[in-house]
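# A look at the structure
As a plain string of letters, each chain reads:
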Amino acid sequence: MKKFSRTLILLLVFTTTYCFSQTGKEEKNNTLLGYVNFGINHNVGIGDNIISKNFDGRTGFNVGFGMNVYKKIIAGIDYSLFYNTIKDKSLVGQYSRSNVSFFQFQVGYYLSLSNNLKLIPRFGIGPIEYNNQKANIKFNDTGTGIAILPEINYIISDNFAIYLAPTYRRDFMQTEAPEEVRDFFRKVNYFQFRFGINLFF
């Protein structure tokens, strides 16, 4: 009986310790102080606009930083750039290249789907530039961009993950153009597919 009692007590102690240990790991796994990410992107135009009809290449990079500001609400900044050559120069005024840069302020929410899968849906807004080049002449078209990023992360370790983010982008440009083709340049819808790494802290 004494042996059984000792065994029972040891089993209870072990079980309690294990449960507290798992709870601590789960709490750590479900919290996020912040992140830094690096990735590449590829862009696919939607509908009748300059990116879908006249940009070729459409691949670039992005970097971002974010912090937990309240419970699981995330706020941060993100910079992306993608490079393009022009298919038909006559449609755009004879320039041959246009690189699109976007600096956005983001707000999002951190969701733990499982031990290895984390979702960080975010909304971003900020200034955007189409940096155009014609021989040795450079000029910019500017506007405001918005982005919706449902980013899914696969956790490799406590501080490292790989992510995939199929992003919807809308650029509201101020490009001067004749009225009949104005929407072609000013209302630009596209998907930006992102892939990269996240460093959590």
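Above: the structure in question.
These lines cover the structure that appears in this document, whether it is placed above or below. (Residues numbered from 1 in each chain as written. Predicted model: local features only at pLDDT ≥ 70, side-chain atom pairs only at ≥ 80, totals over all residues. Heavy atoms only, no water.)

### A look at the overall build of the chain
Check the secondary structure of the chain and you find three helices and nine strands. When the helices and strands of the chain are listed from N to C terminus, the series reads α-β-α-β-β-β-β-β-β-β-α-β. Here the chain holds 201 residues, and the buried ones make up 38% of them. A separation threshold of at least 6 residues defines the contact pool for the chain, and within that pool the share at least 24 residues apart is 61%. On the chain, roughly 11600 Å² of surface is accessible, and the fraction owed to carbon and sulfur atoms is 65%. (Helix = DSSP H or I, 4+ residues; strand = E, 2+ residues; numbered from the N terminus. Buried < 20%, exposed > 50% of the residue type's maximum accessible area, 1.4 Å probe, protein only. Contact = heavy atoms within 4.5 Å. Areas by Shrake-Rupley, 256 points an atom, 1.4 Å probe, with all protein chains shown as cover.)

### So, the side chain of Asn 132
Following the sequence through the fold, Asn 132 ends up in strand E6 (residues 117-134). With residues up to four places along the chain from it excluded, the contact list for Asn 132 reads Tyr 95, Arg 97, Ser 98, Ile 137, Lys 138, Phe 139, Asn 140 and Asp 141.

### Topic: the side chain of Gln 106
Summarising the element assignment, Gln 106 is placed in strand E4 (residues 97-109). Judged by relative accessible area, Gln 106 falls into the buried class, the value being 6%. Once you skip the residues sitting within four places of it in the chain, Gln 106 turns out to touch Tyr 35, Ile 74, Ala 75, Gly 76, Asp 78, Arg 122, Phe 123, Gly 124 and Leu 149.

### Describing the packing of aromatic side chains
By convention here, two paired aromatic rings are described through the distance between centres and the angle between planes. Tallying each qualifying case throughout the model produces seven aromatic pairs. On the numbers, 6.3 Å between centres and 55 degrees between planes, the contact of Phe 61 with Tyr 79 is tilted. Of the two residues, Phe 61 is situated in strand E2 (residues 55-70) and Tyr 79 in strand E3 (residues 73-86); the sequence distance between them amounts to 18 residues. Ring geometry for Phe 82 versus Tyr 190: centroids 5.9 Å apart, planes at 65 degrees, classification edge-to-face. Placement of the pair is Phe 82 in strand E3 and Tyr 190 in strand E9 (residues 187-200), with a sequence separation of 108 residues. Note on Phe 82: relative accessible area 0%, which makes it buried. With relative accessibility at 0%, the residue Tyr 190 sits in the buried group. Chaining the aromatic ring pairs together yields one cluster made of Tyr 168, Phe 191 and Phe 193. (Phe/Tyr/Trp six-rings, centres within 6.5 Å; stacked < 30°, edge-to-face > 60°.)

### Notes on the nonpolar core
Inside soluble globular proteins, nonpolar side chains tend to come together where they are buried. Ile 50, Ile 51 and Tyr 130 are the most contacted members of the largest nonpolar core, which totals 16 residues. Residue assignment for this core shows that the elements contributing at least two residues are helix H2 (50-54), E3, E4, E6, strand E7 (137-157) and E9. Judged by nonpolar contacts, the second largest core, of eight residues, contains Leu 32, Tyr 35, Tyr 110 and Ala 161. (Core = buried A, V, L, I, M, F, W, Y, C linked by side-chain atoms within 4.5 Å.)

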